[in-house]
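Observations on the three-dimensional arrangement
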Amino acid sequence: MTVKPAAPRVVVIVDAYSSARSLAPLFRERGYECVHVQSTPVIPAGYEKSFRASDFTANIVHTGDADATVAALAAHTPVSLLAGIESGVEVADLLSEALGLRTNGTALSPARRDKFRMMETVKEAGVPGAGQILASDLDTLLAWYQEAEGRVVLKPLQSAGSDGVHFCDDEDQVRAAFEALIGTESALELHNHAVLAQEYLVGSEYIVNTVSLDGKHHVTDIWKMHHLRANGVHDMAAGAQLMPRHGADQDALVEYNGLVLDALGVRNGPAHTELKLTPQGPRLVESAARICGADVHVPAKGAIGSSQLDWTVDAYVDPERFLERWETGYELTRHAGIVNMVSPTTGKLVGYPKMAELRGLESFHDITLNVHPGDEIHRSIDDWTYPMRVYLVHETESVVMHNILSARYMDGEGFYEVV
């Protein structure tokens, strides 16, 4: 008698690029095959190199015909489907709902992607949020700015990272930012038909990463951001420090963050939320229904023992294990920090003369090289132009802080050999 082998258990990931490239190997370790959905006919240029086709048994290109994509996926009988990066969120909502899988649904999909709708949806739910306007013409924007108080922020409606973010202190800067954004393409290759302007929130910025299962939100890691003024950018993200799960600030942020996730209909899967702790309390910068980028899971796992990616896998393929632990807070067995190195120049990179010194830091844990010798290097102005990220992990917090400052001191003209 011949025993027919059991059908493979399949997980679908939409746009498994950037940090999401690390999801498929984790699902495969649990015994699941992975199918990839490419949400656009062509992978955006900034993500093409990060896609690992060999991790997937199939790549289905979504051309806009939802019925065709659903039919192609149904043939694989998937047990779970999730988004990898920002561009995959709405497609993942659509497909998971159509296939009857665990989902956030489509009702609030636009509010999870469109940053204007996002803030309005949060405020309509009674959660405090920033003042803002969506402007497709300069006169409307300038009229709003005349009533605004102090600095404002202009950004694309739908993008990723810090692409197209402008901090403006006067009318000339507002005008220049609008003209730099309107009619252009975002980092996700979406047309900027309008510009989002928001009041500038004063206070320290934090990242709260979560994974949810049927509306139960588990906090996987909290980071306090470091910013500096460099290369003409007012608030450049210079790095971050991993925070303990509990504390007065963290508890306030987590309570507010839960209200934001509920307002946006995030009931299942990972979310990455950026918040400011203002004198009036926590306020939303923006939230994304997908894992955190910048390979933040690397130092998080080094310091905590698990990361947002591990919890994401549990939520989708081992919900019982997730539910047993979701209310427990994480413990820092070690401390962690991130340093975004900031290139001051543009040209052809010959090398990093101080790389050995950098790797010799006591808490050096890992590094992500975005620019290799022989590549073109650009002045760092956003998340897309950092030449490298340095990850630091150590048993002692003071060592991590010492090394964060040491790495920042190394950075600059002498760190890069450029022609």
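Looking up the protein in an unreviewed UniProt entry gives the name Biotin carboxylase, with the organism given as Streptomyces abyssalis.

What follows deals with the overall build of the protein. On a plain count of helices and strands, the protein comes out with 13 helices and 19 strands. Taken along its principal axes, the extent of the C-alpha atoms in the protein is 75 × 55 × 45 Å. Considering the protein as a whole, with its 419 residues, one finds that 55% of them fall into the buried category. Restricting the contact set of the protein to residue pairs at least 6 apart, pairs at least 24 apart contribute 66%. Counting only carbon and sulfur atoms, one obtains 50% of the accessible surface of the protein, whose full area is about 17,800 Å². Computed over 34 positive and 57 negative side-chain charges, the separation of the two mean positions in the protein equals 5 Å.

Right, let's talk about empty space enclosed by the protein for a bit. Applying the stated criterion across every chain yields a total of 1 cavity of 30 Å³ or more. Roughly 140 Å³ of volume is contained in the largest cavity. Along the walls of the largest cavity sit 16 residues, with Leu82, Ala83, Asp93, Asn104 and Tyr316 positioned nearest its centre. Counting residues per element, the ones that place at least two in the lining of the largest cavity are strand S4 (80–83), helix H3 (89–98) and strand S12 (269–278). A per-element tally of the lining of the largest cavity places H3 first, with 4 residues. Its residues assigned to classes, the lining of the largest cavity comprises 8 nonpolar, 5 polar and 3 charged. Two domains share the lining of the largest cavity, each providing at least three of its residues, namely domain 1 (10–103) and domain 3 (202–333).

Attention now goes to the side chain of Ser19. Summarising the element assignment, Ser19 is placed in the loop between strand S1 (9–14) and helix H1 (23–29). Judged by relative accessible area, which is 3%, Ser19 ranks as buried. In terms of polar contacts, Ser19 uses its side chain to reach the backbone amide nitrogen of Ala294, at 3.3 Å. In terms of polar contacts, Ser19 uses its side chain to reach the backbone amide nitrogen of Asp295, at 2.8 Å.

Another aspect to go through is the nonpolar core. Residues Leu73, Leu81, Leu95, Trp223 and Leu284 are the most contacted members of the largest nonpolar core, which totals 63 residues. For Leu73, the residues in contact, after removing those within four places along its chain, are Val12, Val35, Val37, Ile60, Pro78, Leu81, Leu95 and Leu99. Among the nonpolar cores identified, the runner-up in size contains 27 residues, and Leu26, Tyr32, Val211 and Leu213 belong to it.

As summarised here, the arrangement of the 8 strands in space is S13-S12-S9-S10-S11-S14-S18-S16, forming an open sheet in which the pairing is antiparallel. Two strands close off the open sheet at either side, each with one partner strand: strand S13 (281–288) and strand S16 (364–369). Averaged over neighbouring strand pairs, the angle between their axes works out to 25 degrees when direction is ignored. In the sheet, strand S11 (residues 233–243) pairs with strand S14 (residues 335–341) via 3 bridges, with the strands oriented antiparallel. Within S14, the residue paired with Gln241 across the bridge is Gly337. On the sheet, helix H10 (residues 308–317) packs against strand S9 (204–213), strand S10 (216–230) and S12 and is oriented at approximately 25 degrees with respect to S9.

Basis of the calculations
- Residues numbered from 1 in each chain as written.
- Predicted model: local features only at pLDDT ≥ 70, side-chain atom pairs only at ≥ 80, totals over all residues.
- Heavy atoms only, no water.
- Helix = DSSP H or I, 4+ residues; strand = E, 2+ residues; numbered from the N terminus.
- Buried < 20%, exposed > 50% of the residue type's maximum accessible area, 1.4 Å probe, protein only.
- Contact = heavy atoms within 4.5 Å.
- Areas by Shrake-Rupley, 256 points an atom, 1.4 Å probe, with all protein chains shown as cover.
- Lys, Arg positive; Asp, Glu negative; His and termini not counted.
- Charge placed at Lys NZ, Arg CZ, Asp CG, Glu CD.
- 1 Å grid on protein atoms, 1.4 Å probe; cavity = no way out; pocket = protein on both sides within 12 Å on 5 of 7 lines; lining within 4 Å.
- Points joined across faces, edges and corners; volume = space filled by probe spheres on them.
- Nonpolar A, V, L, I, M, F, W, Y, C, P; charged D, E, K, R; others polar.
- Domains from an automatic or database assignment.
- Polar contact = N/O pair within 3.5 Å; in protein donor to acceptor, adjacent residues only side chain to side chain.
- Core = buried A, V, L, I, M, F, W, Y, C linked by side-chain atoms within 4.5 Å.
- Pairing = 2+ DSSP bridges.
- Axes fitted to C-alpha atoms, helices over the stretch in contact; angles between N-to-C directions.

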